[in-house]
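Tertiary structure, described
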Amino acid sequence: MKQTARLSFYSELAFGFVILLYTLANFLLVLELPSNLIIGLAVLLSISLIILNTLYKRDFYSNYIEKKADLVLLISLPLIFLFFNQNFESEFLGFILVASLSYLAIFNMRNSDFLLLIFRCIFYIVLLGVLLGIIEYYFFESSYFNDTVEFYPYSASGTKISFSGFMYNYNSVTYFVICYMALLSFQNSDIRDYFLPIVILFLMFSKLLILFLLLIVLIKFFKGKARISLSLFAIMSYLILSNVVIVEEGTYPYPSMYFREILTSYMSWDLVLSLHGWLKQQGLQELLVGASNFIEFENKYSYQPHSSLISFGLLGGIFFLFLFVGNLIIVSFRILNQLDISDAPILYAAFLAFLIELINWDFYDSFYFWIVFFICCKNLVKIKSNNN
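Please read all numbers here as calculations on a predicted model, not as lab measurements.

Describing the overall build of the protein chain
- The helix and strand tally for the protein chain stands at 16 helices and five strands.
- Among the 388 residues that make up the protein chain, the fraction classed as buried is 53%.
- Within the protein chain, contacts between residues separated by at least 24 positions form 67% of all contacts whose residues are at least 6 apart in sequence.
- When the accessible surface of the protein chain is split by element, carbon and sulfur atoms take 66% of a total near 19000 Å².

Some details on the packing of helix α7 (residues 113-139) against helix α9 (residues 195-204)
- In contact at an axis separation of 11 Å, α7 and α9 are set at 40° when each is read in the N-to-C sense. The angle between the axes of α7 and α9 places the two elements in the oblique class. Along this stretch, α7 crosses α9, giving a crossing that reads as left-handed. Across the interface between the two elements, F123, Y124, L127, V130 and I134 of α7 pack against L196, P197, I200, L203 and M204 of α9.
- Per-class residue counts for the contact of α7 with α9 are 10 nonpolar, no polar and no charged.

Points about the packing of aromatic side chains
- Counted according to the given criterion, the structure contains 34 aromatic pairs.
- Ring centres of Y22 and Y368 lie 5.3 Å apart, and the angle between their planes is 65°; on these two criteria the pair is classed as edge-to-face. Residue Y22 is located in helix α1 (residues 2-23), and its partner Y368 is located in helix α16 (residues 367-387); the two are separated by 346 residues in the primary sequence.
- A ring pair is formed by W370 and F374, whose centres lie 5.6 Å apart and whose planes are at 25°; its orientation type is stacked.

Focus: the pairing of strand β5 (residues 269-274)
- Relative to β5, strand β3 (residues 244-248) runs antiparallel, the two sharing five bridges. Opposite V244, over in β5, you have L273 as the bridge partner.
- Pairing of strand β4 (residues 259-266) with β5, which is carried by six bridges, proceeds in the antiparallel orientation. Looking across to β5, one finds that T264 is bridged to L271.
- Remark: two residues form the turn of the hairpin made by β4 and β5, two consecutive strands paired antiparallel; M267 in that turn has positive phi of roughly 55°.

A closer look at helix α11 (residues 224-241)
- Here α11 spans 26 Å end to end across 18 residues, near enough to the 26 Å set by a 1.5 Å rise per residue.
- Taken together, the buried positions of α11 are R227, S231, A234, I235, Y238 and L239. Across the axial projection of α11, the buried residues extend over an arc of 130°, all falling on one side. More than 90 degrees from the buried face of α11, the exposed residues found are K225, L232 and F233.
- Lining the buried residues of α11 we find α10 (207-221) and α15 (345-360).

Reading guide: rules and limits
Residues numbered from 1 in each chain as written. Predicted model: local features only at pLDDT ≥ 70, side-chain atom pairs only at ≥ 80, totals over all residues. Heavy atoms only, no water. Helix = DSSP H or I, 4+ residues; strand = E, 2+ residues; numbered from the N terminus. Buried < 20%, exposed > 50% of the residue type's maximum accessible area, 1.4 Å probe, protein only. Contact = heavy atoms within 4.5 Å. Areas by Shrake-Rupley, 256 points an atom, 1.4 Å probe, with all protein chains shown as cover. Axes fitted to C-alpha atoms, helices over the stretch in contact; angles between N-to-C directions. Parallel < 35°, antiparallel > 145°, perpendicular 65-115°, else oblique. Left-handed = near helix turned anticlockwise from the far one by under 90°. Nonpolar A, V, L, I, M, F, W, Y, C, P; charged D, E, K, R; others polar. Phe/Tyr/Trp six-rings, centres within 6.5 Å; stacked < 30°, edge-to-face > 60°. Pairing = 2+ DSSP bridges. Expected span 1.5 Å × (residues − 1). Arc of directions from axis to C-beta.

Right, dumping it as structure tokens:
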């Protein structure tokens, strides 16, 4: 019994170490360390410990397969595809490792107290990085912890100041903090625990923040068709405004990196396709004509497609895209239909926001997405077990 508990603790500790490395990956790059290699080795170590733990307890079937067939299928599809198509691109392997480890780790944990403790420790490291970025911006000339983007299309002043701390950028901080708040909600934490995360989110002022807050309000205070209609409106508005920009004629550089194509004009205002929307447009064209794979697209345009759905297609083809995404949609609908999401609005707002971010960003290999996704799946499995 003690040996089993010790193995469980070590596997949870290893998973926490992976999340720490993943969150601070950009800082590893600053130190000129091979972050992908270090994180990859940590992931393999964590997976090995979790499998060793379950084999020692001799309940691998009940832990990961029984009553979880749809989730096992979700993870096994890319593994099967990888085997038959010999697709060993690093992005595909990274996606498989991240999704598999998140699944094994979430269902291996006796409870989420330890995971929340890990996220709380990482949060204070991130908070320190953001504070250093603010101090650096106002008192120093360096830019280790802050970034300034000129002619940024989603800023009223045209200049975007972001404080990314030890992370890659302000979006990375936003994703981490939303995941942290989802864990706080899952653990029914005190309302005071949300104060600092909300402050950090407003300092980032990411577009996803607006959608996340709207979804919390809609899930908490609306029911039935009103909730569905207003949520769909908020989601569609977010997707549109994330990919096109409404800007006054003559006040922006055109053509430029962020302002790619004028779609239409009305009076003195232009509707302009942004960089993110243009990349999705190019990715969809490449996917439909089968002109390139993921690596070729990245080499050709110097960016990823900014959409996990398009990336799935470029990585695995149209068949894999429909197979995997179809199963993902089925599982997600079951979560939303069979659970009372108003009981934990922050958790399920994070779940919905991250699902939408799959459309809007290359989010398929994000630990934050898969952690929130499988926590919601764990709730669903508990409901199934109780009903049976």
